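# Tertiary structure, described
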Amino acid sequence: MFAALSFFVLLVFLVVNVFQKVRQTPKLRSVAILVLGDVGRSPRMMYHAESFAKLGFDTYLIGYKGSKPILSLTSLSNIRLCYLSEPPPLVMRIPFVLAAPIKILYQIATILYALVFDIPRPPEFIMVQNPPSIPTLALVWLVGGIMGSKVIIDWHNLGYSILALKLGETHPLVNIAKRFEIIFGSSAYAHLFVTNAMRDHLEQEWGLIGHRAVLHDRPPSHFHKCLPLEVHELFIRLGRSISPSLADFLPSASPPYTTQFTEILALLPKSASRASSSPSSPSLRKDRPALLVSSTSWTPDEDFGILLEALKLYESRAREVNCQSKHDSKERQVLPRIWMVITGKGPLKERYMAEVELLQKNWQYVRCTSLWLEAEDYPLLLGSADLGVSLHSSSSALDLPMKIVDMFGCGLPVCALDFACIPELVKDGINGLVFQNASQLADHLETLLASFPSSPALDSLRSNLQRALQVPIDVQHHVHNQEHQEDDDWEWGSWSENWNRIVKPLVLRDSERFG
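Here's a quick rundown of the structure. (Residues numbered from 1 in each chain as written. Predicted model: local features only at pLDDT ≥ 70, side-chain atom pairs only at ≥ 80, totals over all residues. Heavy atoms only, no water.)

### With respect to unusual backbone geometry
- Of the consecutive residues N130 and P131, the connecting peptide bond is found in the cis state with omega at 0°.
- If you trace the backbone, P131 turns up in the loop between strand 4 (123-130) and helix 6 (136-147).
- Geometrically, the link from P131 to P132 is a cis peptide bond, its omega value of 0° lying close to zero.
- Unlike most non-glycine residues, A397 shows phi in positive territory, near 65°. (Helix = DSSP H or I, 4+ residues; strand = E, 2+ residues; numbered from the N terminus.)

### So, the sheet that holds strand 13 (residues 387-390)
- Reading across the sheet, the six strands line up as 12-11-10-13-14-15 and stay open at both edges, with parallel pairing between neighbours. Each having just a single partner strand, strand 12 (366-370) and strand 15 (432-435) make up the two edges of the open sheet. Sheet twist, expressed as the mean angle between neighbouring strand axes with direction ignored, is 20°.
- Seen against the sheet, helix 15 (residues 438-449) touches strand 10 (290-295), strand 11 (338-343), strand 13, strand 14 (414-417) and strand 15 and runs at an angle of roughly 160° to strand 15. (Pairing = 2+ DSSP bridges. Axes fitted to C-alpha atoms, helices over the stretch in contact; angles between N-to-C directions. Contact = heavy atoms within 4.5 Å.)

### A word on the packing of aromatic side chains
- Following the criterion strictly, the structure yields 13 aromatic pairs and no others.
- A ring pair is formed by F57 and F125, whose centres lie 6.3 Å apart and whose planes are at 40°; its orientation type is tilted. Taken together, the positions of F57 in the loop between helix 2 (43-54) and strand 2 (58-64) and F125 in strand 4 put the pair 68 residues apart, joining distant regions of the chain. Each member of the pair F57 and F125 is classed as buried.
- An aromatic cluster of at least three residues, connected via ring pairs, comprises F52, F57, F125, Y189 and W499.
- Over the face of the ring belonging to Y189 we find K150, whose NZ or CZ atom lies 5.3 Å from the ring centre.
- The ring of F249 has R337 lying over it, and the distance from NZ or CZ to the ring centre is 5.5 Å. (Phe/Tyr/Trp six-rings, centres within 6.5 Å; stacked < 30°, edge-to-face > 60°. Buried < 20%, exposed > 50% of the residue type's maximum accessible area, 1.4 Å probe, protein only. Lys NZ or Arg CZ within 6 Å of the ring centre and 35° of its normal.)

### Some thoughts on a nonpolar patch on the surface
- Together, L167, L173 and I176 make up a nonpolar patch on the protein surface, roughly 270 Å² of accessible area in all.
- Summarising the element assignment, L173 is placed in helix 8 (residues 172-185).
- By relative accessible area, L173 is classed as partly exposed at 46%. (Patch = residues over 30% accessible without salt bridge, like charges linked within 9 Å, V, L, I, M, F, W, Y side chains within 5 Å. Areas by Shrake-Rupley, 256 points an atom, 1.4 Å probe, with all protein chains shown as cover. Salt bridge = Lys/Arg side-chain N within 4 Å of Asp/Glu carboxyl O.)

### Quick word on the environment of G185
- Here G185 lies in helix 8.
- We classify G185 as buried; its relative accessible area is 0%.
- Along the sequence, G185 and S133 sit 52 residues apart, while their C-alpha atoms lie 8.5 Å from each other.
- Sequence-distant contacts of G185, that is, excluding residues within four places in its chain, are made with L137, I153, W155, F180, H191 and L208.

### Section: the sheet that holds strand 1 (residues 27-38)
- Across the sheet, seven strands lie side by side as 3-2-1-4-5-6-7; this open sheet has parallel pairing. Whereas interior strands pair on both sides, the edge strands pair on one side only; in this sheet they are strand 3 (79-84) and strand 7 (209-214). Between one strand and the next, the sheet's axes are offset by a mean angle of 20°, whatever the strand orientation.
- Taken together, the six bridges between strand 1 and strand 2 define a ladder with parallel strand orientation. Looking at strand 2, one finds that L34 is bridged to I62.
- Helix 6 contacts strand 1, strand 4 and strand 5 (150-155) of the sheet and is inclined by roughly 170° relative to strand 4.

### Quick look at the packing of helix 5 (residues 96-116) against helix 6
- Direction vectors running N to C along helix 5 and helix 6 enclose 35°, while the axes themselves pass 11 Å from each other. The crossing of helix 5 and helix 6 is right-handed. On helix 6, the residues that touch I108, I111, L112 and L115 of helix 5 are T136, L139, V143 and M147.
- Looking at the contact of helix 5 with helix 6, its residues break down into seven nonpolar, one polar and no charged. (Left-handed = near helix turned anticlockwise from the far one by under 90°. Nonpolar A, V, L, I, M, F, W, Y, C, P; charged D, E, K, R; others polar.)

### With respect to the pattern of salt bridges
- Counted by the stated rule, this structure contains 15 salt bridges.
- Close ionic contact of D217 with R44 constitutes a salt bridge, the shortest N to O distance being 2.7 Å. Separated by 173 residues along the polypeptide, D217 in the loop between strand 7 and helix 10 (228-238) and R44 in helix 2 bring together distant segments of the chain.
- Residue D217 is classed as buried on the basis of its relative accessible area, which comes to 9%.
- We note a salt bridge from E124 to K150, for which the minimum N-O separation is 3.1 Å. Residue E124 is found in strand 4, and its partner K150 is found in strand 5; the two are separated by 26 residues along the sequence.

### Notes on helix 6
- Compared with the 16 Å implied by 1.5 Å per residue over twelve residues, the 16 Å span of helix 6 between its first and last C-alpha is a close match.
- By the burial criterion, the buried members of helix 6 are T136, L137, A138, L139, V140, V143, G144 and M147.
- The positive-phi residue at the C-terminal boundary of helix 6 is G148, with phi of around 80°. (Expected span 1.5 Å × (residues − 1).)

### Some details on the nonpolar core
- Counting residues in hydrophobic clusters, the biggest one holds 71 residues, and the most contacted among them are F235, W339 and V507.
- Broken down by element, this core gets its largest block of residues, six residues, from helix 2.
- Residues L36, Y60, L158 and F180 belong to the second largest nonpolar core, which totals 41 residues. (Core = buried A, V, L, I, M, F, W, Y, C linked by side-chain atoms within 4.5 Å.)

This is the structure we're talking about:
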């Protein structure tokens, strides 16, 4: 009773202060960006914050403290990180039925406090990530309406569709969550979408009010295909974290001259000048295994079982093909060993990795391990890999996996699980291959990795990616089409290029008119 009374008093106090701020006009070129999650694990919202700040906006990024954010968020002077406090540990110890409403009430209070007290004047814009929808959509709708701030909803997915994965589509709570999302999400100053499919669906089904634009995810500018020197330095750092069980599978390493994937072939003669007496540059080893990478959240919308079955099929096929090659006098294509690296955390990780350990005890050509990486090493791993794998299927079939965007940014071709809007990102046979089941994925692995490291099919995909990364976007053409349609041709621009083309005109309309 005392806790409820305290919360009510705090809520009244917050409401009074909100109404006091009504008298202040929103400050032009200022934005509050709300993430109901770990700020450091919300790349798209961090990139939004960076883009606003570089445009001269006073930028307040609100969310939970956890993973380290990107460097620019701490180096740009006009970005301020406003961390939300977590519920007291006691809340986590009580039954879920009691803990859930207390947690939501606590979130409401801390979010209102951040929007009202942590920001000196009402911001011109409040941008909110969706999902989660509850309680953030209602809060920004309320605060934006009272303080005169313009709300921008960044639609990553549909919140109710994620809840439906756990409870089923017909569950009453799913219907309530859907109604909540429609009521508080249908009207905003602007709606941003990660796919054309999501924009079209919400326009038709929910009758959205406000500006609407598709802003496809793009990686930051520092993501790139790694040079052999960068691969060499990465695996020297990672050497200690590589599982001892891989010692007999990977080529032997002798740092600093060789790693499992690189080698320095020769040293210059001792008689050479001191300035040029350093070792020659590293090169990729010809006996290296193919390095495959998949990033997963280990949740039900990513079926790791498909990858596991595909690896089993590849192991069987590699034994067959390579055995024939040994006994055939004609030169035949052989299949390489595969090191499948899985990154990410999630609830199903322990279950699947335990299953992997049992299976690969008898495997000769495949190893699958999880690997923990510092944030700065993740793009380097992608840039060092030979092929990416995405198992994302989407709870709504309307969003696209950021992991593929990151892979493309590092020049890494991808094998991706097929679903409704994946063609917006993965162009089958151009920048990757699409599969529907484990058998197709295993076939793709065999096709792309035959004769590795000289694999024509893989090299073709990689070349297409590199060309797309180097072609500038026709800005005028896209500005004309941005709210209606996009070309069928695959074009790729950086996050900054896309953001400046699509979001910048929306957020500068009033500041340019009155400033």
